[in-house]
Structure formats: C-alpha cells, structure tokens
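Residue strings, one per chain:
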Amino acid sequence: QVQLVESGGGLVQAGGSLRLSCAASGRTFIMYRMGWFRQAPGKEREFVAAISRSGGSTSYADSVKGRLTISRDNDKNTVYLQMNSLKPEDTAVYYCAASTGNSGRAARAYDYWGPGTQVTVSS
C-alpha cells in the first residue's frame, strides 16, 4: 500500500498561482500512475490531471488545460500540480491519487487517495 499526503493548498486571489505537492510513501512510487482530482461543495469529485509512471505522458481536464500542469519527480516520490491563472471555479478540495492501472480519468480506477488539501480562489 502507498500513503499519499497533499500540501500547498491555501487562499489565493483570482489570477494567482499555487503549487500543490503530493508526497508518497510505503510502496515504490514509480509503480503508480498518478492523478489529481478535486471536489467542490455539492459537486462530484472530478478529474483534473494525470501523469504516467515515467512522467512522459499527461492528461488534463478541458477546464484546466493550459492553466494547470502536472509533473512528478520519482527520485523524490512526489507529484506536483502547478496551478496558474486560477479562477474562483477552481475552488475545491484537491486530492492526489495513485493507480496501479492505466486509466487517468476514472476515479474508480485509482487505488489510493490522499486526505486532500483545500484550494480557495477569491474573486
């Protein structure tokens, strides 16, 4: 099993930037495809971004494409989400997730989840 812990969330003004980090421990990090999901109040958890095991392939939700960038450092067992040009609609709890499979968008395909970190974007 792998444990995931997110950090870097906070309050930011619209148009600002944040960098989320997700530290993994317990298993070999390179084994997992990694993803970021988010959940706003009253909404379903939605896919944000995913990255392949080597970091060579990424996938993004249309709503964040061009503004958010996922990356990983396998030497540090960490995945990142660089968030630029933030909008109020980006406000949500952001979750880091790990998958032993190859599906980057379906939450059910992810086996492990972090506790989440709050991102609030003011208008």
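Structural data are supplied above this passage.
Residues numbered from 1 in each chain as written. Predicted model: local features only at pLDDT ≥ 70, side-chain atom pairs only at ≥ 80, totals over all residues. Heavy atoms only, no water.

A.B. asks: Would you take a moment to explain the overall build of the chain for this structure?
C.D. replies: The helix and strand tally for the chain stands at zero helices and eleven strands. Ordered by position from N to C terminus, the α and β elements of the chain give β-β-β-β-β-β-β-β-β-β-β. Oriented by its inertia axes, the alpha-carbon framework of the chain measures out at about 40 × 25 × 25 Å. Every one of the 123 residues in the chain was classed for burial, and the buried ones make up 44%. When contacts within the chain are restricted to residue pairs at least 6 apart in sequence, long-range pairs at least 24 apart make up 58% of them. Accessible surface, the chain as shown: approximately 6,000 Å² in total, 45% of it carbon and sulfur. Of the charged side chains in the chain, 14 are positive and 9 negative, and the gap between their average positions amounts to 3 Å. (Helix = DSSP H or I, 4+ residues; strand = E, 2+ residues; numbered from the N terminus. Buried < 20%, exposed > 50% of the residue type's maximum accessible area, 1.4 Å probe, protein only. Contact = heavy atoms within 4.5 Å. Areas by Shrake-Rupley, 256 points an atom, 1.4 Å probe, with all protein chains shown as cover. Lys, Arg positive; Asp, Glu negative; His and termini not counted. Charge placed at Lys NZ, Arg CZ, Asp CG, Glu CD.)

A.B. asks: What is the right way to read the state of the cysteines from this model?
C.D. replies: Linking two cysteines covalently via their sulfur atoms produces the bond known as a disulfide. In the structure shown here, the tally under the stated rule is one disulfide. Across the disulfide, C22 is cross-linked to C96 (sulfur-sulfur distance 2.1 Å). On the sign convention where negative is left-handed, the bridge of C22 and C96, at about -80° about the S-S bond, is left-handed. On the criterion of sequence distance, the pair formed by C22 in strand β3 (residues 18-25) and C96 in strand β9 (residues 92-99) is long-range, its members being 74 residues apart. C96 shares its class with C22; the two are buried. (Disulfide = S-S within 2.5 Å.)

A.B. asks: Can you walk me through the packing of aromatic side chains in this structure?
C.D. replies: A complete count under the given rule lists five aromatic pairs for this structure. Sitting over the face of the ring of Y95, R45 holds its NZ or CZ atom 3.8 Å from the ring centroid. The residue whose ring lies beneath R72 is F29, and the NZ or CZ to ring-centre distance is 4.3 Å. (Phe/Tyr/Trp six-rings, centres within 6.5 Å; stacked < 30°, edge-to-face > 60°. Lys NZ or Arg CZ within 6 Å of the ring centre and 35° of its normal.)

A.B. asks: Help me understand the side chain of T78, please; the structure alone is not making it clear to me.
C.D. replies: Relative to the elements of secondary structure, T78 occurs in strand β8 (residues 78-83). Among the residues examined, T78 registers a relative accessible area of 10% and is labelled buried. A distance of 2.8 Å separates a polar side-chain atom of T78 from the backbone oxygen of K76. Among all residues touching T78, those that are not within four sequence positions of it are S21, C22, A23, F29, S71, R72 and D73. (Polar contact = N/O pair within 3.5 Å; in protein donor to acceptor, adjacent residues only side chain to side chain.)

Purely geometric stuff here, so don't read any function into it on its own.
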